[in-house]
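Examination of the molecular architecture
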Amino acid sequence: MVACLFYVLFVVFVAGHGAGLNCTRSCGNRGPDIQFPFRIKGEQRDHCGFDLSCSDDNSTVLELPTGVSLLIEEIDYRHRLVYARDPLGCFPRKRLNFSLGASHFQINWQYDWTLFNCSSNEKRSSYRGFKIPCLSAFNHDVYAVYSSDTISESDLLSCTKMHNIYGFTYPMLAEENYRLTISWFNPTCGSSEAECYNSILKHSVRRKLLITGVILGLPLFAMVIIALYRAYSNDKTQREYQARVEITVPKRTSAGHRMPARRRHQELAAISEIE
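In what follows, the accompanying structure is described. (Residues numbered from 1 in each chain as written. Predicted model: local features only at pLDDT ≥ 70, side-chain atom pairs only at ≥ 80, totals over all residues. Heavy atoms only, no water.)

Structural notes on the sheet that holds strand β9 (residues 140–146)
The strand order β8-β9-β7-β10 describes an open sheet built from four strands, whose pairing is antiparallel. Edge positions in the sheet fall to β8 (130–131) and β10 (160–168), since each has one partner strand and no second. Pairing of β8 with β9, which is carried by two bridges, proceeds in the antiparallel orientation. Residue Lys131 lies in a different strand from β9, and its bridge partner there is Tyr143. (Pairing = 2+ DSSP bridges. Helix = DSSP H or I, 4+ residues; strand = E, 2+ residues; numbered from the N terminus.)

A closer look at the packing of aromatic side chains
Taken as a whole and judged by the stated rule, the model has 14 aromatic pairs. Measuring from ring centre to ring centre gives 4.9 Å for Phe38 and Trp184, while their planes differ by 85 degrees; the resulting arrangement is edge-to-face. You can see Phe38 sitting in strand β1 (residues 38–40) and its partner Trp184 sitting in strand β11 (residues 179–184), a full 146 residues away along the chain. Relative accessible area serves as the criterion here: at 2%, Phe38 is assigned to the buried category. Classification of Trp184 as buried rests on a relative accessible area of 5%. Measuring from ring centre to ring centre gives 5.8 Å for Phe98 and Phe168, while their planes differ by 45 degrees; the resulting arrangement is tilted. Here Phe98 is found in the loop between β5 (81–85) and β6 (105–106), whereas its partner Phe168 is found in strand β10, with 70 residues between them in sequence. The class for Phe168 is buried, based on a relative accessible area of 0%. (Phe/Tyr/Trp six-rings, centres within 6.5 Å; stacked < 30°, edge-to-face > 60°. Buried < 20%, exposed > 50% of the residue type's maximum accessible area, 1.4 Å probe, protein only.)

Keep in mind that these numbers describe shape and distance, not what the molecule does.
As structure tokens, then:
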């Protein structure tokens, strides 16, 4: 029993040690590996890094400080690149400003644009304006031009100006369901991947101590209960045996003669009735 107990403790220690040092997670079987400097919010212990979350359908989501949510498809840890898509499949839809805010992420070639609503019956050839497929419909087209350009330099004079949008790259507007590439630089808090391991290791040690205490405590408690039960049973058996011996062995009379066992039994029975 003792050998089995130590074997169980060994297995638990090895399994807990391996799981404790595993800083890689994922939101689903097909989701990207999530490791330092990323972490799953609410599931992995805090360390210096960036929070990701898991949606109901196990998609990996990055929520930027500006309120922008992106679906993360791939994370290139070697080159520090994140590949993401818009949940709606159209970056300019319901957004006037695409800003990463005060984060450690960066997008190159962001510009400000002016959107125009044009009739789909007219053909346009201006190189300064381009069609946004995800905002266009069968009866009208939406075009974008650089906000720094003047309307006279394009053939959109017959179109209606909609509004300006800020911080969008050309592919984010021109390509439907575009896959955006975002780069990041590590936090400046002096942390490294070792901090993740150290944090997880401390948590793992406390967890293993708790598990070890439970595993050790339950068998020891059971052993104490069994020992007490055996002691009680042995004492009860001994008392019953002693009582049988006293009943069976003849008692000597005052004259030195042995009293028959049957008479001795009758005396004990009479005493029991009196009591």
